[in-house]
Amino acid sequence: MNPTDLSVMALGGATVLYAIAMVAYAIRLARVADEKVAAKSAAAVPVGAGAPATPASPADEAPAASSPLKRSAKAAGIARSTTLVGALLHGVGLAARGIDAGHVPWSNMYEYTISGSFFAVVAFLILQRRRDVAYLGAGVTGMATIALGLALTVLYKDVDTLPPALQSYWLVIHVSIATIVTGIFAVSFIASALQLMRDSRDRGVRWTGARARFLDAVPAASSLEALSFRLNAVGFVLWTFTVMAGAIWAEHAWGRYWGWDPKEVWSFVIWVLYAAYLHARTTQGWAGRRSAWLAIAGFTALIMNFTVVNLFLQGLHTYAGS
Amino acid sequence: MARVKLDNYVVPAAPRLGVRGWLRWIWRQVTSMRVALILLLLLALASIPGSVLPQWPQDAAATRAFLDENPFWGPILDATGFLDVFGSAWFTAIYLLLFASLIGCITPRAIHHYRELRRPVAATPRSLARYDGAGPETVSSTPDDAVEAARAVLRPRAGWVGALRGYRVRVDRRDDGAVALAAETGHVRELGNLVFHASLVLVLVAVAYGTLFTYRGQAIVVEGRSFTNAVAAYDTFSSGALFDASDLDPFTLRLDSLDAEFSDTGRPLHFQANVTFTEPGEDPVAEEIAVNHPLESGDAKIYLQGNGYAPVITVRDAAGEVAFSGPVVFLAQDAAYTSTGVIKVPDVTTGEQLGFKATLYPSFLEGPFAVGSVHPDPANPVIEMLAYTGDLGLDAGVPQNVYRLDESQLSPVQDEDGLPVTLRLALGETVDLPDGLGSVTFEELPRYGAFDLRADPSLPFLLAAAVLTLAGLATSLFASRRKVWVVARTQDGTTVVTGAAYAPAHDAGVGVVLERAMAAAAGRDPAPSAEEREHS
Ligand code: HEM
């Protein structure tokens with residue numbers, strides 16, 4: 001098998017595994033939510049035995065007491081292992097692509113997408129080793145499925161040599177960190193989105209009613225905020241580094257460190273938005289919901305920088321769209 | 001007519017502040033976190049049009065075209081700074097206000113921090129009930145020994161990082177016999193934060209300094225020719241307000257050859273200029289300049305920014321005299337280096353001046369419907385040109401674009417049917433012009449390199465400021481800010497230890513530290529947790 005086929009097949013396999021993992025993670029969320037409800041109503045029985053308003057019907061309750069617990073653990077196990085194997089295949093696909101092209105696999109939109117989604121999954125897996133963040137799994141693997149699917153179907157490009165502008169070790173430094181940051185911000189974006197949903201539900205916002213039962217299975221909004229802050233802090237430092245490294249490279253390649261090229265403008269906007277997020281966290285009236293919205297705005301700008309700016313705005317970074 | 005007192009019109013009960021009071025109020029607002037936040041958001045928002053609309057400094061040609069296409073909105077946007085966002089008054093106002101706010105914010109904080117560093121650790125609060133606690137736990141040692149053991153755990157770690165991140169401690173013996181340990185860490189976090197914000201100011205100062213002293217110029221050099229570094233030698237030259245032309249180092253740069261490699265499909269693979277570089281009074285040295293590989297000379301760098309073909313053309317006039325001979329710079333128009341150029345021949349011995357508009361096809365191919373170049377390499381170079389006679393308009397004293405022919409006083413050379421004549425020349429060929437006007441020869445096809453020279457004395461400072469920024473930021477985000485208290489007292493003949501800790505919500509590791517301190521006080525082995533593995 002040649003490296004081109006190996007890469008595409010491995011990435012295709014990873015896409016399928018991520019899709020399975022996403023379903024398993026979603027099932028796990030539903031099961032954990034069930035268990036919490038069951039635990040609550042079980043606790044309510046001795047006190048409220050005679051009370052009229054016991055939410056769960058007895059028919060549900062009898063099997064719920066023991067089996068969903070096992071079922072959620074089983075779903076979590078499947079989710080974990082498919083994600084892990086998916087990430088391995090993903091890594092193989094990425095490496096094969098790099099070997100095939102003869103350079104690091106992040107020089108056009110296709111390659112940037114396959115590596116960015118890889119780092120998102122890796123960031124998630126590393127996080128998962130340190131704390132229980134299985135509730136992020138559905139979001140992360142879902143995003144990775146979409147990203148890989150789009151990459152393989154719409155963005156796919158045959159391997160090609162690097163244009164002279166990219167023949168620099170700064171491609172390795174600057175773009176690899178940018179790609180890693182994208183992965184980290186993607187995970188924290190999911191945490192912030194969950195934080196907002198959970199917070200809305202806790203305030204009794206109507207739309208989150210019946211359908212958002214899974215929110216029972218995610219931690220409290222304040223824990224989600226703490227988690228996304230840690231990720232955003234790491235992301236922000238690395239993004240600062242990315243912008244600086246980009247400026248040094250631009251100085252090498254084009255003779256100016258900063259030229260307000262569309263890509264540079266958006267990198268700056270992203271940086272400023274995350275700086276605003278960090279300030280908002282400590283500003284009265286902005287901490288919590290509004291700062292989470294700023295983090296989401298930052299990630300949206302990051303995605304814009306990679307899509308709209310690459311495709312529609314002209315600048316020196318035009319090779320990025322090829 | 002009654003005069004409206006603005007300052008207490010809306011809120012009659014508001015105290016009159018007076019000018020100083022107002023100024024103080026405004027300053028407090030400007031330096032508040034909320035205003036900093038809003039200014040940051042404004043800065044992000046204000047940048048966006050700069051990426052969507054064409055901008056004068058980035059692409060003057062596109063901006064001019066935009067103005068032509070939008071006769072109504074174009075001038076409005078131009079007048080309001082939207083076509084030069086990053087030089088506009090409003091963008092400048094936002095960032096200057098932001099930096100004013102920044103300085104106003106960090107100066108008092110720096111003073112406060114300095115005092116804070118010299119102040120002893122605050123005593124343990126009387127009541128620890130407000131904080132996340134541990135214990136009470138009965139231990140076998142005396143209160144003094146228990147606190148001493150806890151303190152040993154919190155001592156600064158080895159190395160300078162440890163020293164910076166370690167705890168400052170204080171032990172109090174209270175009236176009721178209790179022994180209280182207060183330990184805190186986190187000054188380095190605040191220090192990092194201050195360094196970060198101050199370095200942002202340094203970055204701005206370095207950029208401003210660079211803008212004043214920088215210079216840059218562009219010059220096109222044809223293979224085999226030389227260039228001497230002087231303002232007049234550049235095709236375009238720009239410099240900062242405080243630049244001094246005598247700072248230019250008068251070196252010469254000879255372009256020996258320009259290598260341009262392309263793949264079979266015509267994708268660029270590598271561009272490299274092989275040059276001979278001579279500093280005044282020194283021996284010539286052979287150097288290479290490539291994309292991503294500029295040549296450094298003093299504080300200037302020379303970049304290879306572009307390349308193309310400069311066909312050597314000879315034009316003979318009606319009398320058979322050489323009226324023009326030399327390389328003409330053609331500009332590539334597409335990836336296959338189909339290039340256009342203009343030849344102006346003012347000095348003819350007889351008749352009118354001559355002008356040519358020419359297109360070069362490096363790998364010429366004639367198809368049934370069109371002609372074109374199929375590859376950027378000169379496999380089959382052909383030049384097609386239209387000839388003009390008349391007045392080139394060079395004497396008007398107006399500087400002329402060398403890539404454009406002013407056709408206002410020229411007429412195309414025509415054949416018997418009155419159609420413009422297209423001349424076609426392969427490399428080495430000579431063709432005669434109609435009506436005995438003379439002849440044109442396509443002699444050679446050298447390449448040229450477009451060089452960009454740039455000096456910016458601020459770069460080392462800028463780099464230093466950037467590194468400080470990054471270091472300060474990382475310290476301020478990753479160093480922890482924690483307080484840990486352990487109180488031991490004698491109760492009913494035994495020693496009872498209580499502990500508590502305080503840290504920002506995202507800092508999950510503080511519980512581990514408290515647990516370690518409590519375990520030490522109790523003489524237990526602390527159970528290593530996942531958190532601890534993470535933080536050790
Ligand atoms: C150029 C504008 C500014 C930028 C890019 C910026 C950036 C940042 C960043 C990235 C942080 C997070 C790092 C940390 O927590 O230590 C931060 C924190 C902070 N900034 Fe700024 N800042 C700017 C202006 C200001 C201004 C004008 C103020 C004063 C009102 C200010 C006050 C603070 C404070 C108090 C913190 C610490 C927040 C905390 O305790 O977590 N900053 N800033």
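Here is a short report on the structure shown in this document. (Residues numbered from 1 in each chain as written. Chains lettered and ligands numbered in written order. Predicted model: local features only at pLDDT ≥ 70, side-chain atom pairs only at ≥ 80, totals over all residues. Heavy atoms only, no water.)

### Some details on the pairing of strand E15 (residues 339-345) of chain B
Residues and elements named next belong to chain B. So the rule is basically this: Only protein chains enter the area calculation, which uses a 1.4 Å probe; residues under 20% of their type maximum are buried, those over 50% are exposed, and those in between are partly exposed. Strands are runs of DSSP state E lasting at least two residues, helices are runs of H or I lasting at least four, and both sets are numbered from the N terminus onward. If DSSP finds at least two bridges between two strands, the strands pair.
Of all seven residues making up E15, six are buried, and the element is well covered by its neighbours. Taken together, the two bridges between strand E14 (residues 331-332) and E15 define a ladder with antiparallel strand orientation. Residue Ala 332 lies in a different strand from E15, and its bridge partner there is Ser 339. Where E14 folds back on E15, the antiparallel hairpin that results is connected by six residues, among which Tyr 337 adopts a positive phi of roughly 60°.

### A few points about the site of the ligand
So the rule is basically this: A molecule or strand has a residue near it when one of that residue's heavy atoms lies within 4 Å. For this analysis, a polar contact is any N or O atom pair within 3.5 Å, provided that within protein one partner can donate a hydrogen and the other can accept it, and provided that sequence-adjacent residues contribute only side-chain to side-chain pairs.
The local shell around the ligand holds 21 residues, among which His 279 of chain A together with Cys 105, Asn 193, His 197 and Ser 476 of chain B are the closest. The environment around the ligand is built from residues contributed by chains A and B. At 2.5 Å from a nitrogen atom of the ligand is found a side-chain nitrogen or oxygen belonging to His 279 of chain A. Taking Asn 193 of chain B, its side chain carries an N or O atom lying 2.6 Å from an oxygen atom of the ligand. Put simply, the parts of the chain that give the shell around the ligand at least two residues each are helix H8 (262-280) of chain A together with helix H3 (33-47), helix H7 (89-118), helix H10 (187-213) and helix H11 (459-478) of chain B. Looking at the shell around the ligand, the element that brings in the most residues is H7 of chain B, giving five residues.

### Remarks on the packing of H10 of chain B against H11 of chain B
Helix packing geometry: the angle between the two helix axes and the distance between the axes. Residue and element names in this part refer to chain B. What counts is decided by this rule: Orientation is described by axes fitted as lines to C-alpha atoms, over the contacting stretch for helices, and by angles from 0 to 180 degrees between their N-to-C directions. For classification purposes, angles smaller than 35 degrees are called roughly parallel, those larger than 145 roughly antiparallel, those between 65 and 115 roughly perpendicular, and all remaining angles oblique. The handedness criterion is simple: a crossing whose near helix is rotated anticlockwise from the far helix by less than a right angle is left-handed, and one whose near helix is rotated clockwise is right-handed. For this scheme, ten residues count as nonpolar: Ala, Val, Leu, Ile, Met, Phe, Trp, Tyr, Cys and Pro. Four count as charged, namely Asp, Glu, Lys and Arg, and the remainder, Gly too, count as polar.
Their axes nearest at 7 Å, the elements H10 and H11 cross at an angle of 160°. It follows that H10 is roughly antiparallel to H11 by the angle criterion. Of the two elements, H10 crosses H11, and the hand of that crossing is left-handed. Split into classes, the residues belonging to the contact of H10 with H11 amount to 16 nonpolar, seven polar and one charged.

### A look at helix H12 (residues 510-522) of chain B
Residue and element names in this part refer to chain B. Cut-off, in case you're wondering: How far a helix is expected to stretch is found by multiplying one less than its residue total by 1.5 Å.
For H12, spanning 13 residues, the distance from its first C-alpha to its last is 18 Å, which sits close to the expected 18 Å at 1.5 Å a residue. Taken together, the buried positions of H12 are Val 510, Val 512, Val 513, Leu 514, Ala 517, Met 518, Ala 519 and Ala 521. Where H12 terminates, the next one or two residues include Gly 523, which has phi positive at roughly 70°.

### What to know about the interface of chain A and chain B
What counts here: Two residues qualify as a contact provided that any one of their heavy atoms is within 4.5 Å of a heavy atom in the partner residue. We count a salt bridge whenever a side-chain nitrogen from Lys or Arg sits within 4 Å of a carboxyl oxygen from Asp or Glu.
Of the residues lining the interface, 52 residues belong to chain A; the matching set on chain B comes to 51 residues. The tally of links between chain A and chain B comes to two salt bridges. As a salt-bridge pair, Arg 267 of chain B and Asp 160 of chain A come within 3.1 Å of each other at their nearest N and O atoms. Summed over the shared surface of chain A and chain B, the result is twelve residue pairs in polar contact (both at pLDDT 80 or more). Secondary structure elements with two or more residues in the side of chain A that touches chain B: helix H7 (221-254) and H8 of chain A. Top element by residues in the side of chain A that touches chain B is H7 of chain A. It accounts for 16 residues.

### Observations concerning the nonpolar core
Keep this limit in mind: Residues belong to one nonpolar core when they are buried, are Ala, Val, Leu, Ile, Met, Phe, Trp, Tyr or Cys, and are joined through side-chain atoms within 4.5 Å.
If you look at the biggest cluster of nonpolar residues, it comprises 72 residues, and the most contacted ones within it are Phe 236 and Trp 239 of chain A together with Phe 91 and Leu 477 of chain B. The dominant element in this core, judged by the number of residues it contributes, is H8 of chain A, at 14 residues. Apart from residues no more than four positions distant in its own chain, Phe 236 of chain A is found in contact with Phe 185, Trp 271, Tyr 274, Ala 275 and Leu 278 of chain A together with Leu 473 and Leu 477 of chain B. Of all hydrophobic cores here, the second largest spans 51 residues; its members include Phe 271, Ala 273, Ala 300 and Ala 323 of chain B.

### A word on the environment of Arg 316 of chain B
All names here are of chain B. With respect to the helices and strands, Arg 316 occurs in strand E12 (residues 312-316). It is 5.2 Å that separates the C-alpha atoms of Arg 316 and Ser 439, two residues lying 123 residues apart in sequence. Once residues lying within four places of it in the same chain are set aside, the contact partners of Arg 316 are Glu 321, Val 322, Ala 323, Leu 437, Gly 438 and Ser 439.

### Considering the coordination of the iron atom of the ligand
This is how it is decided: The rule for donors is simple: N, O or S, within 2.8 Å of the metal, or within 3.2 Å if the metal is Na, K or Ca. Water isn't counted, so a site may look like it is missing partners. Think of it this way: with four donors and all angles in the 85 to 135 degree range, the site is tetrahedral; with four or six donors, opposite ones beyond 155 degrees and the rest between 65 and 115, it is square planar or octahedral; otherwise it is irregular.
The protein atoms donating to the iron atom of the ligand are His 279 of chain A (NE2) and His 197 of chain B (NE2), with metal-donor distances spanning 1.9 Å. Because the angles between the six donor atoms bound to the iron atom of the ligand fall within 81 to 179°, the donor set is best described as octahedral. Of this pair, His 279 of chain A sits in helix H8 while His 197 of chain B sits in helix H10, which puts the two residues in different chains. Judged by relative accessible area, His 279 of chain A falls into the buried class, the value being 18%.

### Considerations on a negative patch on the surface
Just so we agree on the cut-off: Within the patch definition used here, like charges are joined within 9 Å and nonpolar side chains (Val, Leu, Ile, Met, Phe, Trp, Tyr) within 5 Å, considering only residues with over 30% relative accessible area and no salt bridge. To measure how exposed things are, a 1.4 Å probe is used in the Shrake-Rupley method; for residues, cover is taken only from the protein chains shown. In this charge count, Lys and Arg are treated as positive and Asp and Glu as negative; neither His nor the chain ends contribute. Lys charges are placed at NZ, Arg charges at CZ, Asp charges at CG and Glu charges at CD.
Together, Asp 415, Glu 416, Asp 417 and Asp 435 of chain B give the surface a local cluster of negative charge. The residue Glu 416 of chain B is located in the loop between strand E20 (410-412) and strand E21 (422-426) in this model.

### Regarding the packing of aromatic side chains
The condition that has to hold: Ring pairs shown here join Phe, Tyr and Trp side chains whose ring centres sit within 6.5 Å, with only the six-membered ring taken for Trp; geometry is labelled stacked below 30 degrees between planes, edge-to-face above 60, and tilted in between. Whether a charge sits over a ring comes down to the Lys NZ or Arg CZ being within 6 Å of the ring centre and within 35 degrees of the ring normal.
Throughout the structure, instances matching the rule amount to 30 aromatic pairs over all chains. On the numbers, 5.8 Å between centres and 70° between planes, the contact of Phe 262 of chain B with Phe 271 of chain B is edge-to-face. Look at Phe 262 of chain B and you get buried, because its relative accessible area is 10%. Taken together, a centroid distance of 6.2 Å and an interplanar angle of 80° make the contact between Tyr 309 of chain B and Tyr 337 of chain B edge-to-face. Of the two residues, Tyr 309 of chain B is situated in strand E11 (residues 300-309) and Tyr 337 of chain B in the loop between E14 and E15; the sequence distance between them amounts to 28 residues. Within the aromatic cluster, the residues linked to one another by ring pairs are Trp 258, Trp 260 and Phe 268 of chain A together with Phe 86, Phe 91 and Tyr 95 of chain B. Its end group placed over the ring of Phe 229 of chain A, Arg 281 of chain A keeps NZ or CZ at 3.7 Å from the ring centre.

Treat this as a map of the structure, not an account of what it does.
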